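Tertiary structure, described
For reference, the chains in residue letters:
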Amino acid sequence: MQAYVMAFVIGGLICVIGQLLMDLTPLTPAHVLVLFVVIGGIMSGLGLYQPLVEMGGAGATVPLPGFGHALVSGTVEEINKSGLTGVFSGALKASAFGITAAVVFGLLAAVTFNPRG
């Protein structure tokens, strides 16, 4: 039960920060999206995001900073395994499932529903 509560708290805090950025600054949702992915990548590179993942589970991996974390941690892991070529393949291997799911579900939604406009 504690894992669910921590996921809710961590994920909720990330979402609250994003909402506050959109409400209190001139940042658009696209700016916040890019900012969160970059911050997640930077925090992962500095070793600060993994403890958050261990504490919050899906509450830290599902929001946008989790995508940045997945890209950086996958790249670092692949560099350690196969050297410099890991720079090019690590991020894709780490995020391939999520990107593929987004494309497939987006296609299914586009085929299923009649868009307006």
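My aim in this report is to walk through the structure given alongside it, one point at a time. (Residues numbered from 1 in each chain as written. Predicted model: local features only at pLDDT ≥ 70, side-chain atom pairs only at ≥ 80, totals over all residues. Heavy atoms only, no water.)

Let's talk about the overall build of the chain
Along the chain, the regular secondary structure elements total six helices and zero strands. Helices and strands appear in the chain in the N-to-C order α-α-α-α-α-α. Its C-alpha atoms give the chain principal-axis dimensions of roughly 50 × 35 × 35 Å. Every one of the 117 residues in the chain was classed for burial, and the buried ones make up 24%. Across the chain, the fraction of contacts at a sequence separation of at least 24, relative to all contacts at a separation of at least 6, is 49%. A total accessible area of about 8,100 Å² is found for the chain, and carbon and sulfur atoms account for 76% of it. (Helix = DSSP H or I, 4+ residues; strand = E, 2+ residues; numbered from the N terminus. Buried < 20%, exposed > 50% of the residue type's maximum accessible area, 1.4 Å probe, protein only. Contact = heavy atoms within 4.5 Å. Areas by Shrake-Rupley, 256 points an atom, 1.4 Å probe, with all protein chains shown as cover.)

Side note on helix α1 (residues 2–24)
Between its terminal C-alpha atoms α1 stretches 32 Å, which fits the 33 Å expected from 23 residues at 1.5 Å a residue. Those residues of α1 not exposed but buried are Ala7, Ile10, Gly11, Ile14 and Gly18. Each element contacted by the buried residues of α1 is listed here: α2 (29–45), α3 (49–56), α4 (58–61) and α5 (64–82). (Expected span 1.5 Å × (residues − 1).)

Some remarks on the environment of Gly106
Within the secondary structure, Gly106 sits in helix α6 (residues 86–112). Classification of Gly106 as partly exposed rests on a relative accessible area of 37%. Taking the C-alpha atoms as reference points, Gly106 and Gln50, 56 residues apart in sequence, are found 29 Å from one another.

Quick notes on the nonpolar core
Within the largest apolar cluster, seven residues are counted, these being Ile10, Ile14, Val32, Phe36, Tyr49, Val53 and Ala60. Among the elements of the structure, α1, α2 and α3 are those that each provide at least two residues to this core. (Core = buried A, V, L, I, M, F, W, Y, C linked by side-chain atoms within 4.5 Å.)

Section: the packing of α5 against α6
Look at α5 against α6: their axes get within 7 Å of each other, and the N-to-C directions meet at 135°. Judged by the inter-axis angle, α5 sits oblique to α6. Crossing handedness for the pair α5 and α6: right-handed. Two secondary-structure elements touch here, α5 through Phe67, Ala70, Leu71, Gly74, Thr75, Glu78, Ile79 and Ser82 and α6 through Gly86, Val87, Ser89, Gly90, Ala91, Lys93, Ala94, Ser95 and Ile99. Looking at side-chain class alone, the contact of α5 with α6 contains eight nonpolar, seven polar and two charged residues. (Axes fitted to C-alpha atoms, helices over the stretch in contact; angles between N-to-C directions. Parallel < 35°, antiparallel > 145°, perpendicular 65-115°, else oblique. Left-handed = near helix turned anticlockwise from the far one by under 90°. Nonpolar A, V, L, I, M, F, W, Y, C, P; charged D, E, K, R; others polar.)

Section: a nonpolar patch on the surface
A cluster of nonpolar side chains, namely Leu33, Val34, Val38, Ile42, Leu46, Leu48 and Leu64, defines an oily patch on the protein surface of about 630 Å² accessible area. It is α2 that provides the largest number of residues to the nonpolar patch, a total of four residues. Owing to a relative accessible area of 35%, Leu64 belongs among the partly exposed residues under this scheme. (Patch = residues over 30% accessible without salt bridge, like charges linked within 9 Å, V, L, I, M, F, W, Y side chains within 5 Å. Salt bridge = Lys/Arg side-chain N within 4 Å of Asp/Glu carboxyl O.)

Details of the pattern of salt bridges
One pass over the structure, following the stated rule, counts two salt bridges. For Glu78, the salt bridge goes to Lys81, with nearest N and O atoms at 4.0 Å. Here Lys81 and Glu78 lie together in helix α5, a separation of three residues that amounts to about one turn. A relative accessible area of 8% means that Glu78 is categorised as buried. Of the residues examined, Lys81 reaches a relative accessible area of 60% and is grouped as exposed. Bridged by salt links that share partners, the residues Glu78, Lys81 and Lys93 form one connected network.

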